[in-house]
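Listed here are the chains, written in short residue letters.
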Amino acid sequence: MGATANEHRVELIVDGDIFWSKVRSICDNDELLWLGLQPFNMVGGFTWSDGPSLLEFCAAHSEYHIVTYTSENRYVNRYIPGQRIYRLATGDDNPYLVYNPWVDPLRPLIQEDVFGQLGCEAHEVGQGCRPKT
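Model, not experiment: these values are computed from the prediction. (Residues numbered from 1 in each chain as written. Predicted model: local features only at pLDDT ≥ 70, side-chain atom pairs only at ≥ 80, totals over all residues. Heavy atoms only, no water.)

This paragraph deals with the overall build of the protein chain. For the protein chain, the count of helices and strands is four helices and six strands. Helices and strands appear in the protein chain in the N-to-C order β-α-α-β-α-β-β-β-β-α. Counting across all 133 residues of the protein chain, residues that qualify as buried make up 32%. Taking the contacts inside the protein chain whose residues are at least 6 apart along the sequence as the reference set, 52% of them involve residues at least 24 apart. (Helix = DSSP H or I, 4+ residues; strand = E, 2+ residues; numbered from the N terminus. Buried < 20%, exposed > 50% of the residue type's maximum accessible area, 1.4 Å probe, protein only. Contact = heavy atoms within 4.5 Å.)

Examined against the element boundaries, Tyr69 turns out to sit in strand β3 (residues 65–71). Tyr69 gets classed as buried once you look at its relative accessible area, which sits at 10%. Sequence separation between Tyr69 and Gln83 is 14 residues; the distance between their C-alpha atoms is 6.9 Å. Here the side chain of Tyr69 touches Ser71 through a polar contact of 3.4 Å, landing on its backbone oxygen. (Polar contact = N/O pair within 3.5 Å; in protein donor to acceptor, adjacent residues only side chain to side chain.)

We now examine unusual backbone geometry. If a residue is not glycine, its phi is most likely negative; likewise, a peptide bond is most likely trans. You will see that Arg24, though not glycine, has its phi angle at about 50°, which is positive. Its place among the elements puts Arg24 in the loop between α1 (16–23) and α2 (29–34).

A separate point is a nonpolar patch on the surface. Together, Val10, Leu12, Trp102 and Val103 make up a nonpolar patch on the protein surface, roughly 380 Å² of accessible area in all. In this fold, Val103 is placed in the loop between β6 (97–99) and α4 (107–118). Since its relative accessible area comes to 42%, Val103 is described here as partly exposed. (Patch = residues over 30% accessible without salt bridge, like charges linked within 9 Å, V, L, I, M, F, W, Y side chains within 5 Å. Areas by Shrake-Rupley, 256 points an atom, 1.4 Å probe, with all protein chains shown as cover. Salt bridge = Lys/Arg side-chain N within 4 Å of Asp/Glu carboxyl O.)

Summed over the entire model, instances satisfying the criterion amount to seven aromatic pairs. Ring geometry for Phe19 and Tyr99: centres 5.6 Å apart, planes at 20°, overall stacked. One end of the pair, Phe19, is in helix α1; the other, Tyr99, is in strand β6, and 80 residues separate them in sequence. Each member of the pair, Phe19 together with Tyr99, is buried. (Phe/Tyr/Trp six-rings, centres within 6.5 Å; stacked < 30°, edge-to-face > 60°.)

A few words now on the side chain of His65. Examined against the element boundaries, His65 turns out to sit in strand β3. Judged by its relative accessible area of 9%, His65 falls in the buried class. Engagement of the side chain of His65 in a polar contact is seen with the side chain of Asn77, the distance being 2.8 Å. Every residue in contact with His65, bar those within four places of it in the chain, is listed here: Val23, Cys58, Asn77, Arg87, Leu88, Ala89, Thr90, Gly91, Asp92 and Asp93.

Structure, rendered in structure tokens:
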């Protein structure tokens, strides 16, 4: 029986500090303007219409790559056509790095600890939490 390996395995990162320190996204608009690029927001974001010019830029400058925002707080370390927001980066260009804090297996425990420190139950937060007596 033969064996196969999945060479395109996603490397999931649930800690934003770790992801952004690896991919090193350029957030300085002055640096992006100096490179000849015009971001649409204050943290170096580009829209879907900037995709072709970013691809052209990265093809001419191999030290840069594109990070794609695909959904609520989920970033993929490669260009995915038709998405809403892109960022330019200079770090690890591994296309299988994915940042998604919503799938952190410790998230429910962290939330439980936070609500426990607040002295209320999660379902009471919107109703005005009262300290436990």
